[in-house]
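One-letter residues, chain by chain:
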Amino acid sequence: MESWKSHVRAELFHRDCRQRDPFSGLFEKVSRLEEMLTLHMKLSSSDKGSSRCPDEGGILHLRVNELEFLNQQLKQKISDLTSNIYLKEAELQYCHSQVARYRTEAVVLAQGASSLKAGLEEYEYQLECQSKELTALRLEHSSLREELTAANLQNEQLLERWLEEKKEEAERINKYNATQERWQRLAGRLKKRHRVRSRTACAADKPTESKTEPPSS
Amino acid sequence: MANEFPVSREGTANSRHANLTSSLDLSTSLDHSVQTRIFKIIVIGDSNVGKTCLTFRFTGGAFPCKTEATIGVDFREKAVEIEGEKIKVQVWDTAGQERFRKSMVEHYYRNVHAVVFVYDVTKMASFQNLKTWIQECNGHGVSSSVPRVLVGNKCDLVEQIQVPSNTALKFADAHNMLLFETSAKDPKESQNVDSIFMCLACRLKAQKYLIYRDVEREDGRVRLKHQPDPKSNCPC
């Protein structure tokens, strides 16, 4: 869609250039002639009162006036151009100073750009290093996490084992306590029975001994 | 016959002498065989109330610098002498955390002679949870005649006390328990810590029936059949 528009636009532009440029000088000439005509009209109107029929002297006079007018115009033009030259010179100086300033700025900016570029390169290098480091750390992290999982599992297993051991130990101690208690109870009974028996035996022995004791004579 | 008499008499005397000697030996061996009595005391309560520190203070005489959560149970012993009798106080420092207790619980309560309930005076929750601990204790067939004491630990943190003594005392009275408020950390309170276990040991010593109690192990539980000796000579 846009291509045909641009094509038409370009063609119209070329047509304008073709049709207007050949007549540009003509227009200038016509305008100059118009100016001259206006001047002649003025001069003729001013001279109307003095002489109605123009003669050779009048034509010369007209010519002189015309030349004076042209001279004045040229003077004006020269002064305009001179002032224009001064202006342009000032502008040029200003532009030079601006150019110098911009050049300095450009140099500074170029230096900054080069330093930034160097910094960027350095940062890129650092980024690359860090990305490598990050990859390595991620790997390490994942391996550590795996190790942690394994360690946790091992810990759980060890805990289970420990609890089992403790349970067995508790069982053992309970059994030992029970055995000890039972043994003490039996020993106590035996001791009591023994004490009773020994008392009975002693009681039984005493009269027998007195009976069996031989006479002193 | 006359000759025979002295011989037989001598023989009888010899045999009697032998009997006497053997009976003396038996008596001595029995005396030796009757070893030190063991009193199994379990210490229960919420985690981080200071059970381990209390038991360590009693058995080791110091406050442990660093303690980890007890896994299952830790056994501690201390030989004490009460009225001339040597007694071994076997303290079972139990785990407070459920995950470390698991299947151990029945072993705690088997043939237990006394129970120490511990709470943290700076944590009301640990005091409120005592009901659960008592329920657990009763649920494992521990007879009401088994002495129980209530211990409020960490009394040295005076500024942070949350459980008033009156409340604890009421609770202890309601459950027929003695109350001790102490600190395993404070060296000045060490005697108080000792007195907890010594008091229990004295009470247990006074309850002579413990030796002769009929242990029925068919169902793995202890049933106390004899009544405690009413004459108690406990010094505490």
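What counts, and at which threshold
- Residues numbered from 1 in each chain as written.
- Chains lettered and ligands numbered in written order.
- Predicted model: local features only at pLDDT ≥ 70, side-chain atom pairs only at ≥ 80, totals over all residues.
- Heavy atoms only, no water.
- Salt bridge = Lys/Arg side-chain N within 4 Å of Asp/Glu carboxyl O.
- Helix = DSSP H or I, 4+ residues; strand = E, 2+ residues; numbered from the N terminus.
- Buried < 20%, exposed > 50% of the residue type's maximum accessible area, 1.4 Å probe, protein only.
- Pairing = 2+ DSSP bridges.
- Core = buried A, V, L, I, M, F, W, Y, C linked by side-chain atoms within 4.5 Å.
- Contact = heavy atoms within 4.5 Å.
- UniProt positions renumbered as here; feature names shortened; annotations may be inferred.
- pLDDT = per-residue confidence, 0-100.

(A) Structural view of the pattern of salt bridges. Residues and elements named next belong to chain B. Throughout the structure, instances matching the rule amount to 14 salt bridges over all chains. With a closest N to O distance of 2.9 Å, Glu-85 and Arg-37 form a salt bridge. Residue Glu-85 is found in strand β3 (residues 85–94), and its partner Arg-37 is found in strand β1 (residues 37–45); the two are separated by 48 residues along the sequence. Measuring nitrogen to oxygen at the nearest pair gives 3.0 Å for the salt bridge that ties Asp-93 to Arg-76. One end of the pair, Asp-93, is in strand β3; the other, Arg-76, is in strand β2 (residues 73–82), with 17 residues separating them in the sequence. Taking relative accessible area as the criterion, Asp-93 reaches 0% and is therefore assigned buried. Owing to a relative accessible area of 15%, Arg-76 belongs among the buried residues under this scheme. Among the charged side chains, a network of salt bridges with common partners joins Arg-37, Glu-83, Glu-85 and Lys-205.

(B) Molecular detail of the pairing of β3 of chain B. Residues and elements named next belong to chain B. For β3, a buried count of seven out of 10 residues is recorded, marking the element as mostly surrounded by other parts of the structure. Here β1 runs beside β3; their pairing, made up of seven bridges, is parallel. The residue bridging Phe-39 from the neighbouring strand is Val-89, located in β3. As judged from the 10 bridges shared by β2 and β3, these two strands associate in the antiparallel manner.

(C) Region of interest: the environment of Gly-50 of chain B. Secondary-structure assignment places Gly-50 of chain B in the loop between β1 and α2 (51–60). Each C-alpha atom of the pair Gly-50 of chain B and Asp-120 of chain B lies 7.4 Å from the other, and the pair is 70 residues apart in sequence.

(D) Up close: unusual backbone geometry. Residues and elements named next belong to chain B. The phi torsion at Lys-154 lies on the positive side, around 70°, for a residue other than glycine. When you line up the elements, Lys-154 lands in the loop between β5 (148–153) and α6 (165–174). One non-glycine residue with positive phi stands out, namely Asn-176, at about 55°. Relative to the helices and strands, Asn-176 resides in the loop between α6 and β6 (178–181).

(E) Region of interest: the nonpolar core. Core analysis: the largest hydrophobic core is formed by 34 residues, its most contacted members being Ile-42, Tyr-108, Tyr-109, Val-115, Phe-117, Tyr-119 and Leu-150 of chain B. Secondary-structure elements contributing two or more residues to this core are α3 (56–212) of chain A together with β1, α3 (105–109), β4 (114–120), α5 (130–139) and α6 of chain B. For Leu-150 of chain B, the contacting residues outside a window of four places in its chain are Phe-117, Tyr-119, Leu-130, Ala-168, Phe-171, Ala-172, Met-177, Leu-178, Leu-179 and Phe-180 of chain B. Among the nonpolar cores identified, the runner-up in size contains 27 residues, and Ile-87, Val-91, Leu-200 and Ala-201 of chain B belong to it.

(F) Broad picture of the UniProt feature "coiled-coil region" (unreviewed entry) in chain A. Mapped onto this structure's residue numbering, the UniProt feature "coiled-coil region" (unreviewed entry) falls at residues 64–91 and 120–179 of chain A. For residues 64–91 of chain A, helix accounts for 100% and strand for 0%, while the C-alpha atoms at its two ends are 39 Å apart.

(G) Geometry of the confidence of the model for chain B. Per-residue pLDDT for chain B averages 80, and the proportion of residues at 70 or more is 73%. Here residues 210–233 of chain B is a poorly scored stretch, pLDDT under 50, and it has 50 contacts once near neighbours within four places are set aside; other chains count.

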